[in-house]
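# What the coordinates show
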Amino acid sequence: MRFAWTILLGLLVAWGSACGGVSDDDDDSGGDGDSDSDSDGDTDSDSDGDSDTDSDADSDGDGDGDGDGDGDGDFTLESLCDDVSQILCDSAMNCCPGGWPPNDLTICQDSFSLNCQAGMNAAVARGDVIINPDAVPGCIDSFRGLWADCPAHLPEGGGDACNDVFVGQLAEGEACDSDESCAEGLECSWSQNGQETCRRMPVDGERCLEGNCARGNRCNWQTDTCYHVAMLNERCEVFDDFSDTCRDDLHCAGGVCRMDFEAGHSCSISRECLSNFCNVQAGFGTCDGGGNEPVDYCDPAQFSGGH
């Protein structure tokens, strides 16, 4: 199922220009800017990336890996959101050479966690969604890896490893308010009676349903047929000068999806550019406008909704 971290990641779209990498002026042998000898960026020496001394990936110190501090190894929505929010905010702070004031770090963590919980609280409380504990560690690790190298731009598909964390319980035809509430293979979609219900959506090669297709697919309006959205390095097909079967930030070249070009990069056709516009003059093309704004890791307000 689609994971609700996409709501969280959407808050990061307006980030400004990047500041650079992690400061490393403390002479530690790990090279990560803290005072211990590992390279995970926290101040303990167990190399798991959190700030406690047990061997799991959370920072509550109870050793069970679920982040809620009770030692029983289960996961709640609150503990899950707290863990991801801590990773996001700690990583952003560590990517700024001067760090952040402690109060700004707290505001960032609290804001992200509350926004994360708000999207799923009602569904979890009703039992429309349950949390799959086996999928949580991989989700947490994916978010830690997402920021490990202080990427210049917000990565696409950052929550892909979290797709199996929320498991929908609603059957086909039942009323719903989110895709996560629906059972595997179903999505929450408007039906003809004007109500959102769990429905099976068409996939690659099937006729579009009112212009829509299942997640991971899109509708080719020329043929009214769904096609699979190809990821980086996957095989692809070109429709015209502006569109192909690749994800939005990719373009099809030589039958394979490749990264789109930023503004100012040379181009020969519009779909090669992030802006989807190649300005061709005198036989020479340049990507015009668009592109992703670089991340400003040194502005805490951008990570906490402007508070």
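Refer to the structure printed above.
Read on for a plain summary of the structure. Everything numeric here is computed off the predicted structure, so don't read it as measured data.

Another point: the overall build of the chain. Looking only at helices and strands, the chain has 5 helices and 11 strands in total. Within the chain, buried positions represent 39% of all 307 residues. Contacts in the chain between residues at least 24 apart in sequence constitute 40% of all its contacts with a sequence separation of at least 6. Working note: accessible area of the chain is about 15000 Å², and carbon and sulfur atoms make up 48% of it.

Checked against the element boundaries, W147 lands in the loop between α5 (136-146) and β2 (166-168). Sequence spacing of W147 and C95 is 52 residues, and the spatial spacing of their C-alpha atoms is 8.6 Å.

Let us now look at the packing of helix α2 (residues 77-94) against α5. For the pair α2 and α5, interaxial distance at closest approach is 9 Å and the crossing angle is 20°. With respect to their mutual orientation, α2 and α5 come out roughly parallel. In terms of crossing hand, the pair formed by α2 and α5 is right-handed. Contacts from L80, D83, V84, I87 and L88 in α2 reach V136, I140, F143 and R144 in α5. Split by residue class, the contact of α2 with α5 holds 7 nonpolar, no polar and 2 charged.

For the structure on display, the rule yields 10 salt bridges. Close ionic contact of R271 with D244 constitutes a salt bridge, the shortest N to O distance being 3.4 Å. Of this pair, R271 sits in the loop between β9 (266-267) and β10 (278-281) while D244 sits in the loop between β6 (225-228) and β7 (250-253); the two residues are 27 residues apart in sequence, bridging distant segments of the chain. On the basis of relative accessibility, which here comes to 12%, the residue R271 falls in the buried class. With a shortest N-O distance of 2.6 Å, R247 and D249 are connected by a salt bridge. D249 matches R247 in its accessibility class, with the two residues each being buried. Within the structure, one salt-bridge network assembled from shared partners comprises R126, D128 and D177.

What follows is about the packing of aromatic side chains. Under the definition given, this model contains 1 aromatic pair. Aromatic pair Y227 and F239: ring centres 5.1 Å apart, planes at 75°, arrangement edge-to-face. On the criterion of sequence distance, the pair formed by Y227 in strand β6 and F239 in the loop between β6 and β7 is long-range, its members being 12 residues apart.

A word on the packing of α2 against helix α3 (residues 102-118). In contact at an axis separation of 8 Å, α2 and α3 are set at 140° when each is read in the N-to-C sense. What the angle tells us is that α2 and α3 run oblique. Viewed along their axes, α2 and α3 form a crossing whose handedness is right-handed. Contacts between α2 and α3 involve L77, E78, C81, D82, S85, Q86, L88, C89, D90 and M93 on the former and, on the latter, L105, C108, Q109, F112, S113, C116 and Q117.

Let us now look at the environment of A214. With respect to the helices and strands, the residue A214 is situated in the loop between β4 (196-199) and β5 (217-220). Look at A214 and you get buried, because its relative accessible area is 8%. Once the C-alpha coordinates of A214 and Y227 are considered, the two residues, 13 residues apart in sequence, prove to be 9.5 Å apart. Apart from the residues lying within four places of it in its own chain, the contact partners of A214 are E187, M201, P202 and V203.

Moving on: the side chain of D249. With respect to the helices and strands, the residue D249 is situated in the loop between β6 and β7. In this structure the side chain of D249 is engaged in a polar contact, spanning 2.6 Å, whose partner is the side chain of R247.

Read across the sheet, 3 strands follow the order β9-β11-β10 without closing on themselves; strand pairing throughout is antiparallel. Looking along the sheet, the strands with just one partner apiece sit at the ends: β9 and β10. Examined bridge by bridge, β9 and strand β11 (residues 284-287) share 2 bridges and lie antiparallel to one another. Its bridge partner being in β11, C267 is matched across the sheet by G285.

This part covers unusual backbone geometry. Residues other than glycine predominantly adopt negative phi, and peptide bonds predominantly adopt the trans conformation. In the Ramachandran plot, D224 falls in the positive-phi region, its phi being about 55° despite a non-glycine side chain. Within the secondary structure, D224 sits in the loop between β5 and β6. Phi is positive for N276, close to 60°, though the residue is something other than glycine. Of note, N276 is situated in the loop between β9 and β10. Its relative accessible area of 32% is what places N276 among the partly exposed residues.

Reading the values: the criteria
- Residues numbered from 1 in each chain as written.
- Predicted model: local features only at pLDDT ≥ 70, side-chain atom pairs only at ≥ 80, totals over all residues.
- Heavy atoms only, no water.
- Helix = DSSP H or I, 4+ residues; strand = E, 2+ residues; numbered from the N terminus.
- Buried < 20%, exposed > 50% of the residue type's maximum accessible area, 1.4 Å probe, protein only.
- Contact = heavy atoms within 4.5 Å.
- Areas by Shrake-Rupley, 256 points an atom, 1.4 Å probe, with all protein chains shown as cover.
- Axes fitted to C-alpha atoms, helices over the stretch in contact; angles between N-to-C directions.
- Parallel < 35°, antiparallel > 145°, perpendicular 65-115°, else oblique.
- Left-handed = near helix turned anticlockwise from the far one by under 90°.
- Nonpolar A, V, L, I, M, F, W, Y, C, P; charged D, E, K, R; others polar.
- Salt bridge = Lys/Arg side-chain N within 4 Å of Asp/Glu carboxyl O.
- Phe/Tyr/Trp six-rings, centres within 6.5 Å; stacked < 30°, edge-to-face > 60°.
- Polar contact = N/O pair within 3.5 Å; in protein donor to acceptor, adjacent residues only side chain to side chain.
- Pairing = 2+ DSSP bridges.

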